[in-house]
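Listed here are the chains, written in short residue letters.
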Amino acid sequence: MKFEYLFFDADNTLWDFNLSEKFALFKVITENKIEYEPQHLEAYHRVNKACWHNFENGNLSVADLKSKRFELFCNEFDFKIDAEQMGKSYLQYLSSTDFMIPGALSLLDRFARRHKLVLVTNGIKEVQRRRISNTGIERYFESIVISDEIGVAKPHTDFFDLAFEQVGSPRKEEVLMIGDSLSSDIRGGNNYGITTCWFNPEGAEVNPEIIASFEITKLEELIEIV
Ligand SMILES: [Mg+2]
């Protein structure tokens with residue numbers, strides 16, 4: 001065994017967040033008597049990304065982000081819908097999902113027998129907590145660290161400091177960080193001085209500025225690494 005501690009990102013690493021997002025958007029659009037079109041998802045991605053970018057720069061609170069992204073979204077299509085209500089409804093649908101990445105549950109079950117698992121996720125606490133419960137993964141983890149609960153997010157060092165503290169401050173060489181995001185998971189892990197594994201199922205292009213120690217396209221490949 002090379003790594004005693006496995007730090008797992010949640011969205012699009014263990015959970016199929018893309019599917020959850022598409023489902024929730026489809027639901028809020030159709031409940032407002034609008035026919036869903038693929039361009040809605042594309043526009044939502046764009047405004048949502050912009051809002052999270054503003055959040056990361058300290059220009060938007062999480063509370064405001066929840067409605068702001070739908071305000072921008074509705075403006076694009078000239079939808080006359082209450083953005084705040086739409087934002088709330090969206091989070092309800094999003095929280096209700098339990099879509100997993102194929103194979104993730106059985107791997108957690110396997111790894112939890114020999115390793116100490118830590119869930120390290122950026123996201124809105126109510127949404128993450130409900131999906132943790134929906135997917136039944138809590139029992140596999142020694143600790144669960146949610147950015148919105150601790151007030152700091154990956155890739156920041158403070159986030160990793162807190163995660164390390166929660167599991168008794170292991171030595172850095174004992175820890176492997178696994179995640180799909182180069183900017184938060186891999187950059188965060190690299191900066192913190194731990195080994196990183198980039199989950200890249202779509203075969204996205206490598207960013208020469210953020211190189212992971214390992215790269216995998218299927219979660220099963222972890223078995224050889226850990
Ligand atoms: Mg992720």
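Every residue gets a number counted from 1 within its own chain, in the order that chain's sequence is written. Totals for whole chains, interfaces and linings use all residues, but because this is a predicted model, local features are given only for residues with pLDDT of at least 70 and pairs of side-chain atoms are given and counted only at 80 or more.

### Details of the overall build of the protein chain
Turning to step 1, where the next piece is worked out: Helices and strands together make up the secondary structure of the protein chain, namely 10 helices and 6 strands.
Turning to step 2, where the next piece is worked out: The size measure is the radius of gyration over C-alpha atoms, and the globule rule it meets is 2.2 Å times the number of residues to the 0.38 power. Its C-alpha radius of gyration of 18 Å places the protein chain within 12% of the 17 Å reference for a compact globule of 226 residues.
Turning to step 3, where the next piece is worked out: Across its three principal directions, the C-alpha atoms of the protein chain cover 55 × 35 × 30 Å.
Turning to step 4, where the next piece is worked out: Residue pairs in contact within the protein chain that sit at least 24 positions apart in sequence constitute 63% of those at least 6 positions apart. Helix and strand assignments come from DSSP, with helices taken as H or I runs of at least 4 residues and strands as E runs of at least 2, each series counted from the N terminus. Any residue pair is listed as a contact if its two C-beta atoms, each placed from the backbone, are within 7 Å.

### A look at the sheet that holds strand 1 (residues 5–8)
Sheet strands pair by backbone hydrogen bonding; their relative direction is either parallel or antiparallel.
Turning to step 1, where the next piece is worked out: Pairing between strands is defined by DSSP: at least two bridges between the two strands are required. Judged by pairing direction, the sheet is parallel, and its 6 strands sit side by side in the order 3-2-1-4-5-6 without closing on themselves. Of all the strands in the sheet, the pair left with one neighbour each is strand 3 (141–146) and strand 6 (214–216). With direction set aside, neighbouring strand axes in the sheet form an average angle of 20°. In this description, a line fitted to the C-alpha atoms serves as the axis of each element, helices being fitted only across the stretch in contact, and the angle between N-to-C directions of two axes falls anywhere from 0 to 180 degrees.

### Considering the domain arrangement of the protein chain
Turning to step 1, where the next piece is worked out: Where each domain begins and ends follows an automated or database-derived domain assignment. Per the domain assignment, the segments making up the protein chain are domain 1 (5–16 + 100–225) and domain 2 (17–95).
Turning to step 2, where the next piece is worked out: The distance between the C-alpha centroids of domain 1 and domain 2 comes to 25 Å.
Turning to step 3, where the next piece is worked out: If you tally residues by element for the side of domain 1 that touches domain 2, the top one is helix 6 (residues 125–135), at 4 residues.
Turning to step 4, where the next piece is worked out: Three classes are used, and their members are as follows: Ala, Val, Leu, Ile, Met, Phe, Trp, Tyr, Cys and Pro are nonpolar, Asp, Glu, Lys and Arg are charged, and the others, Gly among them, are polar. Residues belonging to the side of domain 1 that touches domain 2 are distributed by class as follows: 3 nonpolar, 1 polar and 6 charged.

### Description of helix 4 (residues 83–95)
Turning to step 1, where the next piece is worked out: Working rule for helices: expected span equals 1.5 Å times residues minus one. Between the first and last C-alpha of helix 4 there are 18 Å, a value that for 13 residues agrees with the 18 Å anticipated at 1.5 Å per step.
Turning to step 2, where the next piece is worked out: Remark: C-beta atoms are placed from the backbone, and a residue is labelled buried if 20 or more other C-beta atoms sit within 10 Å of its own, exposed if 12 or fewer do, or partly exposed between those counts. Looking at helix 4, one finds that the buried residues are Met-86, Gly-87, Tyr-90 and Leu-94. Axial view of helix 4: buried residues confined to an arc of 100°, hence all on one face.
Turning to step 3, where the next piece is worked out: In this fold, the buried residues of helix 4 make contact with helix 1 (17–31), helix 3 (62–77) and helix 6. Working note: the arc is built from the helix axis to C-beta atom directions.

### Some remarks on the environment of Phe-77
Turning to step 1, where the next piece is worked out: Note on placement: Phe-77 falls in helix 3.
Turning to step 2, where the next piece is worked out: By C-beta crowding, Phe-77 is classed as partly exposed, having 13 other C-beta atoms within 10 Å.
Turning to step 3, where the next piece is worked out: Sequence separation between Phe-77 and Ala-43 is 34 residues; the distance between their C-alpha atoms is 9.2 Å.

### Let's talk about the pairing of strand 1
Turning to step 1, where the next piece is worked out: Residues Tyr-5 and Phe-7 of strand 1 are buried on one face, and the alternating residues Leu-6 and Phe-8, pointing to the opposite face, are buried as well.
Turning to step 2, where the next piece is worked out: As paired elements, strand 1 and strand 2 (residues 116–121) share 4 bridges and run parallel to each other. Looking across to strand 2, one finds that Tyr-5 is bridged to Lys-116.
Turning to step 3, where the next piece is worked out: For strand 1 and strand 4 (residues 175–179), the ladder comprises 4 bridges, and the chain directions are parallel.

### Some words on the packing of helix 4 against helix 6
Turning to step 1, where the next piece is worked out: At a closest axis distance of 8 Å, the pairing of helix 4 and helix 6 adopts a crossing angle of 25°. Judged by the inter-axis angle, helix 4 sits roughly parallel to helix 6. Like other packed secondary-structure pairs, helix 4 and helix 6 cross with a definite hand, here right-handed. Side by side, helix 4 and helix 6 meet where Leu-91, Leu-94 and Ser-95 of the first sit next to Glu-126, Val-127, Arg-130 and Arg-131 of the second.
Turning to step 2, where the next piece is worked out: Its residues placed into classes, the contact of helix 4 with helix 6 shows 3 nonpolar, 1 polar and 3 charged. What sets the label is the angle itself: under 35 degrees gives roughly parallel, over 145 gives roughly antiparallel, 65 to 115 gives roughly perpendicular, and the rest give oblique. Two helices cross in a left-handed way if the nearer one is turned anticlockwise from the farther one by less than a right angle. They cross in a right-handed way if the turn is clockwise.

### Quick look at the nonpolar core
Turning to step 1, where the next piece is worked out: Within the largest apolar cluster, 37 residues are counted, with the highest numbers of intra-cluster contacts made by Phe-7, Phe-8, Ala-163, Leu-176, Ile-178 and Cys-197.
Turning to step 2, where the next piece is worked out: Contributions of two or more residues to this core are made by strand 1, strand 2, strand 3, helix 8 (157–166), strand 4, helix 9 (182–192) and strand 5 (195–199).
Turning to step 3, where the next piece is worked out: With sequence-adjacent residues up to four places away left out, Phe-8 is seen in contact with Thr-13, Leu-14, Leu-117, Leu-119, Val-120 and Ile-178.
Turning to step 4, where the next piece is worked out: We call a set of buried Ala, Val, Leu, Ile, Met, Phe, Trp, Tyr and Cys residues a nonpolar core when their C-beta atoms link them within 7 Å. Core analysis: the next-biggest nonpolar cluster, separate from the first, contains 11 residues, Leu-25, Ile-29, Tyr-44 and Phe-70 among them.

### Here we look at the pairing of strand 3
Turning to step 1, where the next piece is worked out: As paired strands, strand 2 and strand 3 are joined by 5 bridges and run parallel to one another. Each residue of the ladder has a partner; that of Leu-117, found in strand 3, is Phe-141.
Turning to step 2, where the next piece is worked out: Taken together, strand 2, helix 6 and strand 3 constitute a β-α-β crossover, and its handedness is right-handed. A crossover counts as right-handed when, viewed with the strands pointing away from the observer, the path leading from the first strand over the helix to the second turns clockwise.

### Topic: the environment of Ser-61
Turning to step 1, where the next piece is worked out: Within the secondary structure layout, Ser-61 lies in the loop between helix 2 (38–56) and helix 3.
Turning to step 2, where the next piece is worked out: Of the residues examined, Ser-61 has 11 C-beta atoms within 10 Å and is grouped as exposed.
Turning to step 3, where the next piece is worked out: Between the C-alpha atoms of Ser-61 and Ile-150, which are 89 residues apart in sequence, the distance is 14 Å.

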